[in-house]
Structures are given as structure tokens and as C-alpha cells.
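# Observations on the three-dimensional arrangement
One-letter residues, chain by chain:
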Amino acid sequence: MIEVDGDDDSLAEAFWKVTRLLRHRTRDALAPWDVNPSQARALGVLARHGVLRPGALAEHLRIAPRSATEVVDDLQRRGLVERRPDPNDRRATLVALTPDGVRTSSGIRASRQAEAERLFAELTPGDRAELARILRTLHG
């Protein structure tokens, strides 16, 4: 556990330490699927929102459209997503999960959730509820 003692660890520093810990655990949890965090996030967005144009995917990921194209290219090479013509606009393309992409996304989501549960298991149920309330307040 991280102790916040004013001089050594500010609240912000303690928060960043926990964030880094969760990020490292998440990266380890992604290892069986051989995907990087950006690819995992893209799979998650497509699983939640369905078929999207690459620009909309970039907006959800908060990355540049060119970066989203690279992520989609990598996922398409792996057979996890496919590009389709947009039936409403012949010039546009849509990105969709393949059946392997759906399975991979589900596995990643379960693994990340299990890793987060292990991390937060150190907290009492009351502390977990309070932390969730505080984070929702800060998130807006």
C-alpha cells in the first residue's frame, strides 16, 4: 500500500504510483493476446460501440486519425478487425470486429477486470465504494 505522508508522497504522486502499478499489471494481463494497450483499447471501443468509421474510432481513443489507421492496420493484419464499405457513403470505410476480435476483446476485458480486482482487493468494500465515488467525482 502507498502511504501519503505530505513530504515524501503528495496525493498526486500517490495517485500516479497506483496508476503506474495498474498500467503495468494491465500490460502483463495483455501478454497472452500479444496486443499493445492501444490495440486493446481499440478492440474495447469496437466491442462497446460496434462498427465505426476510423475517424470516430480515433475520437473515442482520443488519438490522431493517422494513429488510429495504424492501429486498425495492425489489428486487421492479425485478423481481429475488418474494414467494410459504408453502405451510406461509398467513399467511407467502416471498421468492425471479426469473430476472433470479439473473442480477443472479451478475453482482454475479463483479464483486465481480474487484474483490477486483485489490485483493489486490498481495500475493504467500504473503501472501494468510497474510492469509486471519489474517482467518479473527479472524472466529471
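Conventions and cut-offs
- Residues numbered from 1 in each chain as written.
- Predicted model: local features only at pLDDT ≥ 70, side-chain atom pairs only at ≥ 80, totals over all residues.
- Heavy atoms only, no water.
- Helix = DSSP H or I, 4+ residues; strand = E, 2+ residues; numbered from the N terminus.
- Rg over C-alpha atoms; globule rule 2.2 N^0.38 Å.
- Buried < 20%, exposed > 50% of the residue type's maximum accessible area, 1.4 Å probe, protein only.
- Contact = heavy atoms within 4.5 Å.
- Arc of directions from axis to C-beta.
- Patch = residues over 30% accessible without salt bridge, like charges linked within 9 Å, V, L, I, M, F, W, Y side chains within 5 Å.
- Areas by Shrake-Rupley, 256 points an atom, 1.4 Å probe, with all protein chains shown as cover.
- Salt bridge = Lys/Arg side-chain N within 4 Å of Asp/Glu carboxyl O.

## Overview of the overall build of the protein
Counting secondary structure elements, the protein contains 6 helices and 2 strands. Each helix (α) and strand (β) of the protein, taken in turn from the N terminus, gives the series α-α-α-α-β-β-α-α. Relative to the compact-globule value of 14 Å for 140 residues, the protein shows a C-alpha radius of gyration of 18 Å, a clear excess of over 25%. Seen through its C-alpha atoms, the protein measures out along the principal axes to roughly 60 × 30 × 25 Å. Looking at the protein residue by residue over its 140 residues, the buried ones come to 29%. Within the protein, counting contacts between residues at least 6 apart in sequence, those at least 24 apart form 48% of the total.

## Side note on the environment of L75
With respect to the secondary-structure elements, L75 resides in helix α4 (residues 65-77). The buried category is assigned to L75, whose relative accessible area is 1%. As for L75 and L123, which are separated by 48 residues in sequence, their C-alpha atoms are 36 Å apart. In this view, L75 contacts Q39, A42, L43, L80 and V81; residues no more than four positions away in its chain are not counted.

## A word on helix α3 (residues 54-61)
Of the residues making up α3, those classed as buried are L57, A58 and L61. For α3, the angular spread of the buried residues around the axis is 100°, confining them to a single face. Where α3 is buried, its residues touch α2 (37-49) and α4. Phi turns positive, to about 55°, at R62, one or two residues after α3.

## Let's talk about a nonpolar patch on the surface
Together, F15, W16, I134, L135 and L138 make up an exposed nonpolar region whose accessible area comes to about 500 Å². Only α1 (11-30) and α6 (125-139) provide two or more residues apiece to the nonpolar patch. A total of 3 residues in the nonpolar patch trace back to one element, the largest contributor, which is α6. Along the chain, the position of F15 falls in helix α1. A relative accessible area of 44% means that F15 is categorised as partly exposed.

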